Amino acid sequence: TNPLASALVDRNVHFISPTLPGWGNTSSVPPHVSFHEQLYQDISVLLSHLHPDDDELELYISGGSFGTVPAQILYAAPYEKFPAGRHIRGMLLLAPFSPFRVHKEYAKCLSWANYIAVGPLSRILSFKLGARLGKLVMKNKVDTRERAEAFLKDFVLKNMSPAEQELYEKWKAAKCIKDGEEMKQMADGIYRSVEKGWDGYMA
């Protein structure tokens, strides 16, 4: 795990990074339950366990990439479904997936691969064609830690501009991160996320 930033430590922040349903070792969403309903239940139980009867609780919801979807679901959840929503004070999204209903022209800036995965056609077809194709493409790229690391290096490092590369190197130096260490950690997370199944991704 990565150490918390000093700004969070100084403010006595309790950082919680839950594994979502169907990822890693967690149970999959039951067939008769929707993803958002399961998410409401899981996070409610987790918060009740970690902070029982805490009326002073302040929640800040965050997520990156795929994680921005459940972050937005929780942020907008009705209080009767997710009572802890009353304690939410803010949300931070990194590389977000915006809700299609409020970003109607989102497909105009998608690559062909992303267009097939999450474009308008993927929302019309009921058997999750985009997700199934994504799984098919990704499965053999992340089925070992070594392949996951090679995929990550190819996907992230090769696509960096010189300016991004410079910022990346400065960030590693400031955090005293050995070369390649962060890629190994991220690759391990990717590998373990789908090691036992792809139900979470499909959900």
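Residues numbered from 1 in each chain as written. Predicted model: local features only at pLDDT ≥ 70, side-chain atom pairs only at ≥ 80, totals over all residues. Heavy atoms only, no water.

A. Highlighting the pattern of salt bridges. Overall, the coordinates contain 11 salt bridges when judged by the stated rule. The salt bridge involving D188 is made with R145; its shortest N-O contact spans 2.4 Å. Of this pair, D188 sits in helix α9 (residues 181-194) while R145 sits in helix α7 (residues 145-156); the two residues are 43 residues apart in sequence, bridging distant segments of the chain. Between D154 and K158 there is a salt bridge, with its nearest N and O atoms 3.2 Å apart. Since its relative accessible area comes to 41%, D154 is described here as partly exposed. A relative accessible area of 65% means that K158 is categorised as exposed. Salt bridges linked by common partners bring R145, D188 and R192 together as one network. (Salt bridge = Lys/Arg side-chain N within 4 Å of Asp/Glu carboxyl O. Helix = DSSP H or I, 4+ residues; strand = E, 2+ residues; numbered from the N terminus. Buried < 20%, exposed > 50% of the residue type's maximum accessible area, 1.4 Å probe, protein only.)

B. Seen up close, the environment of E56. With respect to the helices and strands, the residue E56 is situated in the loop between α2 (35-50) and β1 (59-64). When the C-alpha atoms of E56 and H103 are compared, they prove to be 35 Å apart, with 47 residues separating the residues in sequence.

C. Inspection of unusual backbone geometry at higher detail. The phi angle at N12 is positive, at roughly 55°, despite the residue not being glycine. Within the secondary structure, N12 sits in the loop between α1 (6-10) and α2. Judged by its relative accessible area of 70%, N12 is exposed. Although it is not a glycine, A95 adopts a positive phi angle of roughly 50°. Relative to the helices and strands, A95 resides in the loop between β2 (88-94) and α4 (112-118).

D. Broad picture of the nonpolar core. By size, the foremost hydrophobic cluster in this structure holds 15 residues, and its most contacted members are I43, L47, L59, L74 and F82. Elements represented by at least two residues in this core include exactly α2, β1 and α3 (68-75). Per element, the largest residue contribution to this core is five residues, and it comes from α2. If we ignore the near neighbours within four places in the chain, the residues touching L74 are L39, Y40, I43, F82 and I88. With 11 residues, the next largest nonpolar core counts F151, Y191, V194 and W198 among its residues. (Core = buried A, V, L, I, M, F, W, Y, C linked by side-chain atoms within 4.5 Å. Contact = heavy atoms within 4.5 Å.)

Taken by themselves, the reported measurements are silent on function.
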